[in-house]
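Chain by chain, the residues:
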Amino acid sequence: MIKLENVTKVYKGDVVAVKDGSFEIGKGEFVFLVGPSGSGKSTLLRLLNREEEPQAGHIHVAGKDIGDLSSWKIPYLRRNIGSVYQDYKLLSTKSVYDNVAFALQVIGRPRHVIKTQVPAILELVGLAKKHKNIPNELSGGEQQRVSIARAFVNRPLILLADEPTGNLDPATSVGIMRLLDRINRTGTTVVMATHDRSIVDTMRRRVIELDRGTIIRDQARGVYE
Amino acid sequence: MALNANYIARETGQNLGRNPTLTVASVITVSIALTLAGVALLVREGTNNLAGKFRGDVELIVFLDPEISPDQRQAIQTSLDENPEVSTFSYVDEREAFEEAQDLFAEQPTMLRLLREGDVPTSFRVEPANPDFQSVVALRSIYEREAGVEQVESATEAIRAIQELTEKLNFGVLFASAVSAGVSILLIYNTIRTAMFARRHEIEVMKLVGATNWFIRVPFILEGMIQSLLGGALAVGLLLGLNVFLFGALANNQYFELFQNFEFSIGTVIGTSIPLVLVGVAIGAVGSGFAVGRFLDV
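Residues numbered from 1 in each chain as written. Chains lettered and ligands numbered in written order. Predicted model: local features only at pLDDT ≥ 70, side-chain atom pairs only at ≥ 80, totals over all residues.

A. Representation of the nonpolar core. Core analysis: the largest hydrophobic core is formed by 106 residues, its most contacted members being Leu33, Leu48, Val100, Leu122, Ala149, Leu159 and Val191 of chain A. Excluding its chain neighbours within four sequence positions, the residues that come into contact with Ala149 of chain A are Val100, Ile121, Leu122, Val125 and Leu127 of chain A. Leu64, Ile76, Val136 and Leu139 of chain B belong to the second-largest nonpolar core, a separate cluster that totals 12 residues. (Core = buried A, V, L, I, M, F, W, Y, C linked by C-beta atoms within 7 Å. Buried ≥ 20, exposed ≤ 12 C-beta atoms within 10 Å, placed from the backbone. Contact = placed C-beta atoms within 7 Å.)

Below you can see the structure in the form of structure tokens.
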């Protein structure tokens, strides 16, 4: 599903974010990216949906070398990749329902599809009763559920999550991880960058550890350290 | 991909309402630019009418020297007869010339008392075959040089003076409208940039979930084009108003007979306005096109 070959990404001022990174992630896998701040976890995720381009190496997503994509095709790549962030990136003026529906509207899904899929996904994330609320009226955990619903409503092949529990307390985080696990079990590949030791140690999934841009560990059913 | 018309209409409407001061500023600037251009076009139309009217009854008056000999007069008459550039001509003798002068000075008794038959020069009234400027000037120079001719008069001078004046006027007005068109583009550019900046979070999310660039751009481009379209409509209104209150007043003013051709039918004003509105929409498209192009390259 995802394949990196000797990928290197250097930011301005010789800041090495990813150095000669290679790995492969199969369909339906759940992978944690761990490592200290600045080790290159977020950059790796941004490379996968082509928010960034590497200076060297090749990245394949769903069988395609995304370095070869012309810029007008990038939106179609992103329709196969859901993204979840630490800060949720919800639209504060739109209701829960509209935030999720927005993701379908802007890719031109017909109204009858939106009308059936949005309530279904809100049911899945447990927010069916709050579909009329705006994000400010929700707790952090609930806001993250909305953001996951938005990322998953189009049934993407891959879900990228950048510190999705970074702003949440441990109990709430467990709920979010259950949700991601559930999504993973529908066959969606999940790649999650995290600092949260207890989550990684509890879930016992594949762990890829980065240190200053270099992959120093790739372990099946791994732990945080 | 299918652009949802409902979605686009709603987004564009929201954008327009979100920043009313900038929207109003853009609309007014566009309308000023287009009104100026419209005035220039109408003035040119008026000048053409004017010149055309002069051409319709253009006439050369060949005034003869009082001392002219019958032979010289006959020579001129023969030359006029044989000249293919002359359509018709007639001779105004001393009596007729005197009667004309009496009509001309009817309200000036002193002049009338002093005027004697024989004081008023006799003349040939010549109607040229081609009433255009060059032919008339050519005819003039032929008969000015004939022996026994005192001077030749024609309407060409007046036509040329009016044409020169309106050309200068037109240049000034067109220059001003070009400048304001430029300002309009910059203003619309800025309005759209501001609108996009205000909605940058939304745009970020749209890009993340895979909206195409055109899907994001179209409402903003439409916003710019609607602003300039409104400006165009306002300009048409202003031109119709100007036609009634300024050109109309000029045309009905007895001291400005020349401007009688400057009152236009509503059809003419509307006809002039159509290209203006199209230019206006183009201004909006250019301004907002630049704005969306630069913003999305993130």
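B. Structural detail: the confidence of the model for chain B. All names here are of chain B. Averaged over every residue, the pLDDT of chain B is 82; the share at 70 or more is 88%. Between the elements of chain B, mean pLDDT differs from a low of 79, seen in helix α1 (residues 5-18), to a high of 90, seen in helix α8 (residues 200-208). The ipTM assigned to the predicted complex is 0.89, against a pTM of 0.72. (pLDDT = per-residue confidence, 0-100. Helix = DSSP H or I, 4+ residues; strand = E, 2+ residues; numbered from the N terminus.)

C. Representation of the sheet that holds strand β2 (residues 86-92) of chain B in the model. Residues and elements named next belong to chain B. If you trace the four strands from one edge of the open sheet to the other, you get β2-β3-β1-β4, paired in antiparallel fashion. Taken across any chain shown, the strands that pair with only one partner, and hence form the sheet edges, are β2 and β4 (149-153). The sheet shows a mean angle of 20° between the axes of neighbouring strands, direction not considered. Sheet topology places β2 next to strand β3 (residues 123-128); six bridges connect them, and they run antiparallel. Bridge assignment links Ser90 to a residue of β3, and that residue is Arg125. Contacting β1 (60-64), β2 and β3, helix α3 (residues 70-82) runs over the sheet at an angle of about 10° to β3. (Pairing = 2+ DSSP bridges. Axes fitted to C-alpha atoms, helices over the stretch in contact; angles between N-to-C directions.)

D. Structural view of the pairing of strand β3 (residues 30-34) of chain A. Residues and elements named next belong to chain A. Burial of β3 is extensive: four of the five residues sit out of reach of the surface. Two elements, β3 and strand β8 (residues 189-193), share four bridges in a ladder whose sense is parallel. Bridge assignment links Leu33 to a residue of β8, and that residue is Ala193. Sheet topology places β3 next to strand β9 (residues 206-211); four bridges connect them, and they run parallel. If you follow Leu33 over to β9, its bridge partner there is Ile208.

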